[in-house]
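If you want the building blocks of each chain, they are given just below.
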Amino acid sequence: IGNLMPLFTIPETAHAEPSAVTVSSSDFAREWTKAQHGVLAFIGSLAVDFDDAEDLLQETAAQAFAQIERYDPPRPFLPWVFGIARYVVMEHYRK
């Protein structure tokens, strides 16, 4: 029992602050352009109708741009923006 290895270890960098790299508006536009079809499909799977989905897509883009300083560029953009989209959809239907 004393020689058991842990099932997994947490790397030292797992708790580090996000990178100090900033994302320019043109970088955001490029990432958003690549991601928007996937984001629309994701929102469409949660929204009641397509008109809502289109409006929520625009709100997601605005929220993501407003929060771009929270994005850590070495990490994938799409999962980050999916999290924002999920929050936007939940807030919309909560009202």
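As a reminder, the structure under discussion sits directly above these lines.
Read on for an overview of the structure.

Parameters at a glance
- Residues numbered from 1 in each chain as written.
- Predicted model: local features only at pLDDT ≥ 70, side-chain atom pairs only at ≥ 80, totals over all residues.
- Heavy atoms only, no water.
- Helix = DSSP H or I, 4+ residues; strand = E, 2+ residues; numbered from the N terminus.
- Buried < 20%, exposed > 50% of the residue type's maximum accessible area, 1.4 Å probe, protein only.
- Contact = heavy atoms within 4.5 Å.
- Areas by Shrake-Rupley, 256 points an atom, 1.4 Å probe, with all protein chains shown as cover.
- Phe/Tyr/Trp six-rings, centres within 6.5 Å; stacked < 30°, edge-to-face > 60°.

Points about the overall build of the chain
So, point 1. Regarding its fold elements, the chain presents three helices and zero strands.
So, point 2. Counting every position in the chain, which comprises 95 residues, the buried fraction comes to 25%.
So, point 3. Pairs at least 24 residues apart make up 65% of the contacts formed inside the chain by residues separated by at least 6 positions.
So, point 4. Of the accessible surface of the chain, which amounts to about 7,200 Å², a share of 58% is contributed by carbon and sulfur atoms.

Some thoughts on the packing of aromatic side chains
So, point 1. Evaluated as defined, the whole model comprises seven aromatic pairs.
So, point 2. Aromatic pair phenylalanine 28 and phenylalanine 65: ring centres 5.2 Å apart, planes at 65 degrees, arrangement edge-to-face. Note that phenylalanine 28 is positioned in helix H1 (residues 25-46) and phenylalanine 65 in helix H2 (residues 50-66), a separation of 37 residues in sequence.
So, point 3. Residue class for phenylalanine 28 comes out buried when judged on its relative accessible area of 8%.
So, point 4. Relative to tryptophan 80, the ring of tyrosine 71 has its centre 5.2 Å away and its plane inclined at 45 degrees; by these criteria the two rings are tilted.

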